[in-house]
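Structural description and commentary
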Amino acid sequence: MSESNNEIVVRIEDLHKSFDDNEVLRGIDLAVRRGEVVVILGPSGSGKSTMLRCVNLLEKPTGGRIFFEDTEITAKKTDINAVRAKVGMVFQNFNLFPHLTAKKNVMLAQQKVLKRSREEAERVAVDQLTRVGLGDRIDYKPSELSGGQQQRVAIARALAMDPHVMLFDEATSALDPELVRDVLGVMKELAKGGMTMMVVTHEMGFARDVADRVIFMDGGVIVEEGTPEAVFDNPQSDRTKDFLGHIS
Ligand code: ADP
Ligand code: MG
C-alpha cells in the first residue's frame, strides 16, 4: 500500500457521458489523492473505460467537470496535449509502433511533445526500459517481444513523460497467464514508489494487495467504494456481491 496525502490530483464531479441516446456514465463523483492507488472494478459495459478515457480527454464528457491538479480539463480553453503529457495511459492492447524498436517507441513522444533532445530522450528511454526489466531488450521491435514485454514497453513509454498520474485500462487482460505476473509486478513497484494510479483490472489479488481504495461500478455509476478489505470481505450492495461471487 502506498503513502497518500490529502492533495487531490484528479477530481471528477458529476461526470456524464452519452453516446447518442445511450447514457454510459450517469453522474460519477471521484477524487483521487496524490500517491493513492484506486482500483476500479465492474462488469463489462459498466463504463470503466469511458471514465478513464474522459480523464485523459480521449472522450469528451457530456456533463460534469474534471479537474487535474489545478486545471479544469473540461474547460474549453484547456490545452489537451499539456494535460495528456501528464496523464499516462496504458491500454489493453499496448498500441506500440510496430516498425520502431522499444527504445524508439519510448523516445518518440518525449521528442515530439516534450521537445527533449534525442540524447536526453534516449537516456530516459534506457532508464525507463531498465526500470521495467527490459534493459536487455531496448533494440528489439514489438514483434520480437512477448505480450508482457510489449506491455512493459508501453508502461516505460508512459513513465518517460514524467506523468503525475497513471491510468491502466485492463493492462493485463490480453496477456497469457504466465506473462501477467511481470506486468503486475511493475505496476506494484510503481504503486510502492508513490505513483498516483487509477487501475481498471479483473486481477483481484492485485486489487487486494495494492489498492488503497476499491471502486465498484455498474450501469455508469459508482455503486460501492471502500478499502479492499471492506469491499471484498464485506460488500454492502447486492450488485457488488453478485459480481464478486462470479469472479472469485
Ligand atoms: P467497460 O470498460 O466497463 O466495459 P465501456 O466504458 O467500454 O465499459 O463501455 C460502456 C458502454 O459504452 C458500452 O455499452 C459501450 O458499448 C458504450 N461505448 C463505449 N465507447 C463507445 C463509443 N465510442 N461509441 C458508442 N458507444 C460506446
Ligand atoms: Mg473497458
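About the cut-offs
- Residues numbered from 1 in each chain as written.
- Chains lettered and ligands numbered in written order.
- Predicted model: local features only at pLDDT ≥ 70, side-chain atom pairs only at ≥ 80, totals over all residues.
- Heavy atoms only, no water.
- UniProt positions renumbered as here; feature names shortened; annotations may be inferred.
- Near = heavy atom within 4 Å.
- Polar contact = N/O pair within 3.5 Å; in protein donor to acceptor, adjacent residues only side chain to side chain.
- Areas by Shrake-Rupley, 256 points an atom, 1.4 Å probe, with all protein chains shown as cover.
- Helix = DSSP H or I, 4+ residues; strand = E, 2+ residues; numbered from the N terminus.
- Core = buried A, V, L, I, M, F, W, Y, C linked by side-chain atoms within 4.5 Å.
- Buried < 20%, exposed > 50% of the residue type's maximum accessible area, 1.4 Å probe, protein only.
- Contact = heavy atoms within 4.5 Å.
- Pairing = 2+ DSSP bridges.
- Axes fitted to C-alpha atoms, helices over the stretch in contact; angles between N-to-C directions.
- Parallel < 35°, antiparallel > 145°, perpendicular 65-115°, else oblique.
- Left-handed = near helix turned anticlockwise from the far one by under 90°.

In the annotation of an unreviewed UniProt entry, the protein chain is listed under the name Peptide ABC transporter ATP-binding protein and assigned to Raoultibacter timonensis. Of the comments in the UniProt record for the protein chain, the one headed Subcellular location (unreviewed entry) reads "Cell membrane". Regarding the protein chain, the relevant UniProt record gives this comment under Sequence similarities (unreviewed entry): "Belongs to the ABC transporter superfamily."

Taken together, F19, N22, V24, P43, S44, G45, S46, G47, K48, S49 and T50 make up the full set of residues near ligand 1. In the environment of ligand 1, an oxygen atom lies 2.7 Å from a nitrogen or oxygen atom belonging to the backbone of G45. Between an oxygen atom of ligand 1 and a side-chain N or O atom of K48, the distance comes to 2.7 Å. Taking 560 Å² as the accessible area of ligand 1 by itself, protein coverage stands at 58%. For the shell around ligand 1, the elements supplying multiple residues, two or more each, are β2 (22-33) and α1 (48-55).

A few words now on the nonpolar core. With 49 residues, the main nonpolar core has L41, I155, M166, F168, M187 and M197 as its most contacted residues. The biggest single contributor to this core is helix α6 (residues 177-192), with 7 residues. Every residue in contact with M166, bar those within four places of it in the chain, is listed here: G88, V90, I155, A158, L159, L190, M195, T196, M197 and M198. Counting residues in each nonpolar core, the second largest holds 28 residues, with V10, L15, V32 and I66 among its members.

Strand order in the open sheet formed by 4 strands is β2-β1-β4-β5, and the pairing between neighbours is antiparallel. The sheet is open, and its two edges are formed by β2 and β5 (71-72), each paired on a single side. Pairing between strand β4 (residues 63-68) and β5: 2 bridges, direction antiparallel. Directly across from F67, in β5, lies its bridge partner E72.

The next subject is the environment of E224. Summarising the element assignment, E224 is placed in strand β10 (residues 221-226). Through-space distance from the C-alpha of E224 to that of Q236 is 7.4 Å; in sequence the pair is 12 residues apart. With sequence-adjacent residues up to four places away left out, E224 is seen in contact with V214, I215, F216, N234, P235, Q236, S237 and T240. In terms of polar contacts, E224 uses its side chain to reach the side chain of T240, at 2.8 Å.

What follows deals with the sheet that holds strand β6 (residues 87-90). Spatial ordering of the open sheet is given by β6-β7-β8-β3-β9-β10, a layout of 6 strands whose pairing is mixed. In the strand order of this sheet, the two ends are held by β6 and β10, each with one partner. Across this sheet, the average inter-strand angle for adjacent strands is 20°, counted without regard to direction. Taken together, the 4 bridges between β6 and strand β7 (residues 165-169) define a ladder with parallel strand orientation. Within the sheet, the bridge partner assigned to V87 lies in β7 and is V165. Sheet strands touched by helix α5 (residues 147-159): β6 and β7. Its angle to β6, the strand with the most contacts, is close to 175°.

It is the contact of helix α3 (residues 102-112) with α5, at a shortest axis distance of 8 Å, that shows an interaxial angle of 30°. Here α5 runs roughly parallel to α3, going by the angle between their axes. Taken as a pair, α3 and α5 cross one another with a handedness that is right-handed. From α3, A102, N105 and V106 reach across to α5, where they touch V153, A156 and R157.

Our next topic: the pairing of strand β9 (residues 213-218). Extensive coverage of β9 is indicated by the burial of 6 of its 6 residues. Alternating residues of β9 divide into R213, I215 and M217 and V214, F216 and D218, and every residue in both groups is buried. Pairing geometry for strand β3 (residues 37-41) and β9, over 4 bridges, is parallel. Counted as the bridge partner of V38 is R213 from β9. Here β9 runs beside β10; their pairing, made up of 5 bridges, is antiparallel. Note on β10: the bridge partner recorded for V214 is G226.

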